[in-house]
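Inside the fold
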Amino acid sequence: MADILLIFPRVGYGDLFIKDPPLALLYASSIAVKDGFTVKIVDQRNCYKNWKQIIEDELKAKPMIAGLSVMTGRPIHYAIEISKFIKQLAPKTAIVWGGHHPTILPENTLDNPFIDFLIRGAGSIPLAALAETLRNSNDAFDDIPGLSYKKNQKLIHNQDIISYEKVPFQEIPYHLVDMNSYHRLGNKNIFVIMTSFGCPHDCSFCYAPLIYRNRRWAADSPQRTVDHMQMAINRFKVDSFSIIDDNFFVDMKRAKDIFEMIKEKRWKVSFQLRGVRIDDLDRMNDEMLLLMEDVNVRHIMIGAESASDRILKLMNKKITINQIIRVSRKLVKYPKIVPMYNLLTGIPGEVLSDMKKTVDLMRQLVKENPCCEISMLEHFLPLPGTKLFTIAKEKGFSEPQTLETWSKFESETRADHYPWLTNKQRRYIRIMQVASLFIDNKIKREIKIKRFEIGMLVLFSYLYRFIARFRVKFHISVLPAEYYMLRCFNRLIEKMTNLDFIHKKR
Ligand code: SF4
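Definitions and limits used
- Residues numbered from 1 in each chain as written.
- Predicted model: local features only at pLDDT ≥ 70, side-chain atom pairs only at ≥ 80, totals over all residues.
- Heavy atoms only, no water.
- Helix = DSSP H or I, 4+ residues; strand = E, 2+ residues; numbered from the N terminus.
- Buried < 20%, exposed > 50% of the residue type's maximum accessible area, 1.4 Å probe, protein only.
- Contact = heavy atoms within 4.5 Å.
- Areas by Shrake-Rupley, 256 points an atom, 1.4 Å probe, with all protein chains shown as cover.
- Lys, Arg positive; Asp, Glu negative; His and termini not counted.
- Charge placed at Lys NZ, Arg CZ, Asp CG, Glu CD.
- Core = buried A, V, L, I, M, F, W, Y, C linked by side-chain atoms within 4.5 Å.
- Domains from an automatic or database assignment.
- Pairing = 2+ DSSP bridges.
- Salt bridge = Lys/Arg side-chain N within 4 Å of Asp/Glu carboxyl O.
- 1 Å grid on protein atoms, 1.4 Å probe; cavity = no way out; pocket = protein on both sides within 12 Å on 5 of 7 lines; lining within 4 Å.
- Points joined across faces, edges and corners; volume = space filled by probe spheres on them.
- Nonpolar A, V, L, I, M, F, W, Y, C, P; charged D, E, K, R; others polar.
- Near = heavy atom within 4 Å.
- Buried area = accessible area lost by both parts, 1.4 Å probe.
- Axes fitted to C-alpha atoms, helices over the stretch in contact; angles between N-to-C directions.
- Parallel < 35°, antiparallel > 145°, perpendicular 65-115°, else oblique.
- Left-handed = near helix turned anticlockwise from the far one by under 90°.
- Expected span 1.5 Å × (residues − 1).
- Bend = angle between axes of the 7 residues up to and from the residue.
- Patch = residues over 30% accessible without salt bridge, like charges linked within 9 Å, V, L, I, M, F, W, Y side chains within 5 Å.

Within the protein chain, the secondary structure is distributed over 20 helices and 18 strands. Viewed in the frame of its principal axes, the protein chain has a C-alpha envelope of about 65 × 55 × 45 Å. Within the span of the protein chain, comprising 506 residues, buried residues form 59% of the whole. Sequence-distant contacts in the protein chain: of pairs separated by 6 or more residues, those separated by 24 or more amount to 78%. For the protein chain, the accessible surface area stands at approximately 21500 Å², while carbon and sulfur atoms represent 55% of it. Where the 76 positive side-chain charges of the protein chain centre and where its 57 negative ones centre are 5 Å apart.

Counting residues in hydrophobic clusters, the biggest one holds 170 residues, and the most contacted among them are Trp97, Phe249, Phe259 and Met292. The leading source of residues in this core is helix α17 (residues 423-438), at eight residues. Among the domains, domain 1 (4-157) and domain 2 (178-503) are the pair contributing at least three residues each to this core. The residues touching methionine 292, leaving out its near neighbours within four places in the chain, are Phe249, Phe259, Leu273, Met284, Val297, Ile300 and Ile337.

Moving on, we come to the pairing of strand β1 (residues 4-8). Most of β1 is tucked away: five of the five residues are buried. Looking at chain direction, β1 and strand β4 (residues 65-69) are connected through four bridges and run parallel. Across the sheet, isoleucine 4 pairs through a bridge with isoleucine 65, a residue of β4. In this structure, β1 lies alongside strand β3 (residues 39-43), joined through five bridges in parallel fashion.

Considering all chains together, one arrives at 27 salt bridges under this definition. Between aspartate 116 and lysine 87 there is a salt bridge, with its nearest N and O atoms 2.9 Å apart. Note that aspartate 116 is positioned in the loop between α5 (106-110) and β6 (117-119) and lysine 87 in helix α3 (residues 74-89), a separation of 29 residues in sequence. Aspartate 116 gets classed as partly exposed once you look at its relative accessible area, which sits at 21%. Glutamate 378 is the salt-bridge partner of arginine 414, the closest N and O atoms lying 3.4 Å from each other.

Before going further, it helps to spend a moment on the layout of surface pockets. If you add up the space inside the second largest pocket, you get close to 260 Å³. The wall of the second largest pocket is formed by 13 residues, among which Lys62, Pro63, Ala90, Lys92 and Thr93 lie closest to the centre. Of the residues belonging to the lining of the second largest pocket, the class tally is eight nonpolar, one polar and four charged.

On to the site of the ligand, then. Near the ligand you find Cys199, His201, Cys203, Phe205, Cys206, Asp246, Arg277 and Lys317, and these make up its full shell. For the shell around the ligand, the residue count by class is four nonpolar, one polar and three charged.

Here the focus is unusual backbone geometry. Look at lysine 62: it is not a glycine, yet its phi comes out positive at around 50°. Along the chain, the position of lysine 62 falls in the loop between α2 (51-59) and β4. On the accessibility criterion, lysine 62 (69% relative accessible area) is exposed. Positive phi, normally seen in glycine, also occurs at serine 137, with a value near 50°. Along the chain, serine 137 turns up in the loop between α6 (124-135) and β7 (147-151).

Examined at the domain level, the protein chain breaks down into domain 1 (4-157) and domain 2 (178-503). Counting residues at the interface gives 37 residues for domain 1, matched by 45 residues for domain 2. Summing both partners gives a buried area of about 3500 Å² for domain 1 against domain 2, and 64% of it is carried by carbon and sulfur. Considering only the surface of domain 1 that becomes buried against domain 2, Tyr13, Leu16 and Phe17 emerge as the three largest contributors, covering 22% of it. Scanning the region where domain 1 abuts domain 2 turns up one salt bridge. For the salt bridge of aspartate 20 with arginine 184, the shortest nitrogen-to-oxygen distance reads 2.7 Å.

Moving on, we get to the packing of helix α13 (residues 321-331) against helix α14 (residues 352-368). Two elements in contact, α13 and α14, have axes whose closest approach is 10 Å; the angle formed by their N-to-C orientations is 20°. With respect to α14, the axis of α13 lies roughly parallel. The handedness of the crossing between α13 and α14 comes out as right-handed. The segment α13 lies against α14, with Ile321, Ile324, Ile325, Ser328 and Arg329 engaging Leu361, Gln364, Leu365 and Glu368. Along the lines of polarity and charge, the residues of the contact of α13 with α14 split into five nonpolar, two polar and two charged.

Moving on, we get to helix α19 (residues 452-474). At 3.6 residues per turn, the α-helix brings residues three or four places apart onto the same side. Its 23 residues give α19 an end-to-end C-alpha distance of 33 Å, which sits within 8% of 33 Å, the value for a rise of 1.5 Å per residue. At tyrosine 464, α19 shows its maximal bend, which comes to roughly 50°. Directly after α19, the chain includes histidine 475, whose backbone phi takes a positive value near 55°.

What follows concerns a nonpolar patch on the surface. A surface patch of nonpolar side chains, about 550 Å² in accessible area, is lined by Phe452, Met456, Leu459, Tyr462 and Leu463. Here methionine 456 is to be found in helix α19. We classify methionine 456 as partly exposed; its relative accessible area is 41%.

The next point concerns the sheet that holds β3. Picture the strands of a sheet paired through backbone hydrogen bonds; they go either parallel or antiparallel. An order of β3-β1-β4-β5-β6-β7-β8 is seen for the seven strands of this open sheet, with the pairing classed as mixed. Each end of this open sheet is capped by a strand with a single partner; those strands are β3 and β8 (154-157). Neighbour to neighbour, the strand axes of the sheet diverge by 20° on average, direction disregarded. Across three bridges, β6 lies against β7 in antiparallel orientation. Counted as the bridge partner of phenylalanine 117 is tyrosine 149 from β7. Across the sheet, α3 is in contact with β1, β4 and β5 (94-98); its angle to β5 comes to roughly 165°.

Printed below as a string of structure tokens:
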């Protein structure tokens, strides 16, 4: 039974495809664990059917704190449900929200009766300090950096804290979760790792400059990174790593040193990398790319974002369409590395011709490199505090005013809220988002989940691919039946899915 109960809420239907360990909670609890508090983590994605019973049992020990890590969108819906449930059963337990959403929108979040505290930014120091303060039964909260709370009906926000965790990997309490219960697309032998935090760039749509102030980037040394990986291999018998840094290649020498050290180790593991910039790939030489092939970098997620130079400029992405094409052609020479391109649409100021250019780019990328993959064409999300949020407001966007409305702000339906889009553009975006899922081979190649619903999805992807390619080639968006079918499929998955099937031991 715990002093501190930490809960990771469901994300939604996406839990079926990707379920990473709750790193935010593991990092946040590290100092509290070291200080001798008992901490329990409940991952709602692992107990969707009986989460109420599990939490009720934990509450019998009267934990001082129930902390939730909350991201924008659907997770808010589940976080509200959990928080209200706890408030009802254990009104004396302090409910603490942390994570990206509360950090970006502290006022809007804390102004809810079922939330007592917020932690903005990195959670480990404030969580341990809050637990200590509550244990001593005093209310000297004003010394705790990064904490927001209510006092005399006012919302108080203490000074900011450093926005990234400085926790040695030896102190990350992995024992608090069942590492066997996580997977990416059905691969359970994968270890998700962050080797750096933040990003020195300032893209106008991105959360990183908001969370990591002053465009900070902090990274583990190559030795520490490789030691962390060695620990994962020894302890969890992993065969692949997913590096989920915001921007891995900021320091190219560091990246090269890491790969060289890995090469010396002769591990039989593969790597996926998120957060790869086009300009970094553009400046990479053959030696570096061959080294990456050598150490089995199998998948890189690349932020291409748009095929309109005007929109790329609006996004402050500091890349050009010519660079995107050049990089794509360069990567054809390294077929062991599968590039996955992220593309974004629905930006304020984007017109139909810009959208069509992005869709043409999708097609060109797949045509020129049949190994490449297109991540689902993402709908723009106006995050408060970003430059594009200000532009969206100028164009008539009215931001959600409550947590409940933020929880309904999902990728498939976001475009409905944007006044700068015409109905024709919305229909085009929706149908091209569906088509982007099926124009390449990613569903068959990447998803290893053995389940009836996934079998149906793979079959559908075979049948539908021809229609998807036809729609993309001729920009046809009439009769968007597949958009509604996919929405129903997603909702069905979210309702039906008992994710326990994936918890088998490695
Ligand atoms: S989009 Fe990528 S490069 Fe741009 S600020 Fe965000 S993390 Fe950095």
